[in-house]
Structures are given as structure tokens and as C-alpha cells.
Amino acid sequence: MANDTARGDTVLVLGATGGIGGEVARQLRDAGWQVRALKRDTQEGKREGITWLAGDAMDGQAVRRAATGCSVIVHAVNPPGYRGWSQLVLPMLDNTIAAAKAEGATIVLPGTVYNFGPDAFPLLAEDSLQRPLTRKGAIRVEMERRLEEASRQGARVLIVRAGDFFGPRAGNNWFSQGLVKAGQPVKAVSYPGGPGVGHQWSYLPDVARTMVELLARRERLEPFARFHMAGHWDADGTRMSDAIRKVVARRTGARVGVSAFPWWLLTLASPFVVTFREMREMRYLWRTPVGMDNAKLVAFLGREPHTPLEEAVEAALDGMGCLATVAVAAAA
């Protein structure tokens, strides 16, 4: 299917310094969009083809000003380190919704599996029941409820749900904070899942490419559109670890093993470290297989953007500084 993006469209990206927000901003720029990014304490101006504006996603007036003339708002902003979810997530979304309704814009939301509970597992469709077990899951359900309401009040909505993110730029994700450590040599893979439990991963550039391609055809989407990505399915919990080990061995000569993630340490530290407490709450997703059915996406686009796993893992480790650091250490 031909790409029919109207070149010159203007988009506002909230969360452009994060993993998915940054990827979407760069790919939209490369596709010919005029890209604005809102960031606190930034020097305003155009850098690398993106116009940076000073402002806070919690400031409704700042969001409204930045969104003036935009046909799309990418809502990829989250509280850092999971801190302040219950106080910040919904007010930030409300600001985006207000701006989108004023402009008649399309809101793009990177979705997760948090808003589903075990009664919807193991394979999730876009319309699967949403009965979450966690606080973050309940907030995710409320986010989508508000977005669906906004789609009946002048805005349009595109939600793309995907598995655990990984990619060249480190962020709040299990790959860069759990399996390996950004900026450090890979000495072992610390795997959070149970033996034989399947897990879904999503390569950030593939997720961003999917959003860009869907936006290119947004006039054909329903006002409240949801799509699932299949990403990389690790059927027994060994595929991702093996890919990391192969890449590290090929690039550096180092042989690394796989160890169990120290959940006990998160349990001990949870009363004192908010990020650990929030990570521990999501442990149930590592104890049961959860995948996504991408039939709707494939029917609409013709295929799902998909980078081979080892290629994606190598790009991720390179971008995070893990392979270069190992090479220097080995040479020393």
C-alpha cells in the first residue's frame, strides 16, 4: 500500500526525550512532518530538524500553545522512574485531550498490556476485556476511557499497544534496567521471567515505524483506533537472552551467562525506592505468557514493521554503550 502522508503536516510530541517519543519524533521528521517537541527547561529553537519549545506537559496552557496548528499530538510522556503515576498521568493526558479537541487533532498513545488482567491472557486482541490487577493498570484503563470519550468530542485517537520496549536509547524499560545495564559491559544477562514462560518484546524503531505508517493513513482510521503489535515473541524466555549472548560474543569475544533477576532485592528495597516498588508490581507479567494478536494491524498495513531480533539487539546494545564499553575493557 502506498504511503500517502501529506508532507508538511505538523505534529507535537510530548515525551520526545524518552524512548518511544524520541523514536517517533525522529521518524516523523524523516517522513517530512514538521515536528515540535515540548520539554521543560530547554533552550528553544530548531535542532536536528525538530523545533523544541519550553514547557511542561502538566501546564495546560503550554500544551495548548505548543499544539496550535498541529494535526497530531503524540502523547508519549510519562513520569520518570514510575514516580508520581497516580498524581501526574491523568492530568497530563487531560491537557493533551483539551489541546487535541481544540485543534481537531489526532492523539497518538503508545499503549501497554498493563490495562489487561489474567482473564484476558494469554493472547490479547484490541477489544479484550480490561480488568487489570494493578494501580498502573487501572490508570491505563481510565486513560483509554477518556481518550474514547474525546474521540466523540472532536479529537481522534490512535492507540498502538506493544510489549516490553527495547532499543538504542536507554529509558525506563526492562531491557536497559533489568536484563543489562546501560553504559556498562554485559557481564551477565539478568532475566526476570520464570522458566519456560513466554514474553513479548517490542523494538522501539519498529513501534515508531508502525505509528508513522498508521498516521500516513489516518484518514482511513476510525475515530478511536487501536492496534496491537506482535513484536518479538520469546516463547520460553530464552530467545532474548540467547540473542544478547550471541551479539556480545560476536562483537567482543566475551562469554556471558544468564542469571535470575534478583526479585528478592526489589522486595527488600521497595519500601524505600519508588521505582523498585512499581517494577515489583508488574511481576505477574513475568510469571505468565502474554502475547498480542496483530491480525488487525497486518490487515490494515499489509505487514508489521519487524527488525530481525539479533539485528535489533545489536543496535540496542550499541546505542546503550554496552558493546563499546566491553570492547574497551577487553582491550585493556
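Structure first, text after, so check above.
Everything quoted here is computed from the prediction, not taken from an experiment. (Residues numbered from 1 in each chain as written. Predicted model: local features only at pLDDT ≥ 70, side-chain atom pairs only at ≥ 80, totals over all residues. Heavy atoms only, no water.)

**Student:** How do you make sense of helix α11 (residues 309-319) when you look at a structure like this?
**Tutor:** Each α-helix winds once per 3.6 residues, and so residues spaced three or four apart point in a common direction. What α11 keeps buried is the set L309, A312, V313, E314, A316 and L317. Looking one or two residues past α11, G321 carries a phi angle of roughly 80°, positive in sign. (Buried < 20%, exposed > 50% of the residue type's maximum accessible area, 1.4 Å probe, protein only. Helix = DSSP H or I, 4+ residues; strand = E, 2+ residues; numbered from the N terminus.)

**Student:** What should I look at first to understand the sheet that holds strand β5 (residues 72-75) in this one?
**Tutor:** Picture the strands of a sheet paired through backbone hydrogen bonds; they go either parallel or antiparallel. The sheet built from 8 strands is open, its strands ordered β3-β4-β2-β1-β5-β6-β8-β12 with mixed pairing. Two strands bound the open sheet, and with one partner strand each, they are β3 (45-47) and β12 (224-228). Within this sheet the neighbouring strands show an average axis-to-axis angle of 25°, counted without direction. Bridge count between strand β1 (residues 10-14) and β5: 4 bridges; the pairing is parallel. By the bridge assignment, L14 is partnered in β5 with H75. Set on the sheet, helix α2 (residues 60-67) makes contact with β1, β2 (34-39), β4 (50-54) and β5; between it and β2 the angle comes to about 165°. With respect to the sheet, helix α3 (residues 85-103) is in contact with β1, β5 and β6 (106-111), its orientation differing from that of β5 by roughly 175°. (Pairing = 2+ DSSP bridges. Axes fitted to C-alpha atoms, helices over the stretch in contact; angles between N-to-C directions. Contact = heavy atoms within 4.5 Å.)

**Student:** Teacher, can you tell me more about α2 here?
**Tutor:** Looking only at α2, the buried set comprises A62, V63, A66 and A67. Take α2 and look down its axis: the buried residues cluster within an arc of 125°, on one side only. Away from its buried face by more than 90 degrees, α2 exposes Q61 and R65. Contacts from the buried residues of α2 go to β1, β2, β4, β5 and α3. A side-chain oxygen of the first residue of α2 lies 3.1 Å from the backbone nitrogen of Q61; this N-cap is D59. Where α2 ends, the next residue or the one after it, G69, has phi of about 85°, a positive value. (Arc of directions from axis to C-beta. Polar contact = N/O pair within 3.5 Å; in protein donor to acceptor, adjacent residues only side chain to side chain.)

**Student:** How should the sheet that holds strand β11 (residues 199-203) be read in this particular structure?
**Tutor:** Read across the sheet, 3 strands follow the order β9-β11-β13 without closing on themselves; strand pairing throughout is mixed. At either end of the open sheet lies a strand with only one pairing partner, and these are β9 (164-166) and β13 (232-234). In this sheet, neighbouring strand axes are inclined to one another by 35° on average, regardless of whether the strands run parallel or antiparallel. In terms of strand pairing, β9 meets β11 through 3 bridges, oriented parallel. In the sheet register, D164 faces β11, and the bridge partner there is W201. Its contacts with the sheet put α11 on β9, β11 and β13, and the angle it makes with β9 is roughly 65°.

**Student:** Can you walk me through the pairing of β4 in this structure?
**Tutor:** Sheet faces and side chains relate simply in a regular strand, where the side chains alternate between the two faces. Pairing analysis gives 5 bridges linking β2 to β4, with the strands arranged parallel. Bridge assignment links V35 to a residue of β4, and that residue is I50. Pairing of β3 with β4, which is carried by 3 bridges, proceeds in the antiparallel orientation. Directly across from K46, in β4, lies its bridge partner T51. Between the end of β3 and the start of β4, which pair antiparallel, lie 2 residues, with E48 showing a positive phi angle near 55°.

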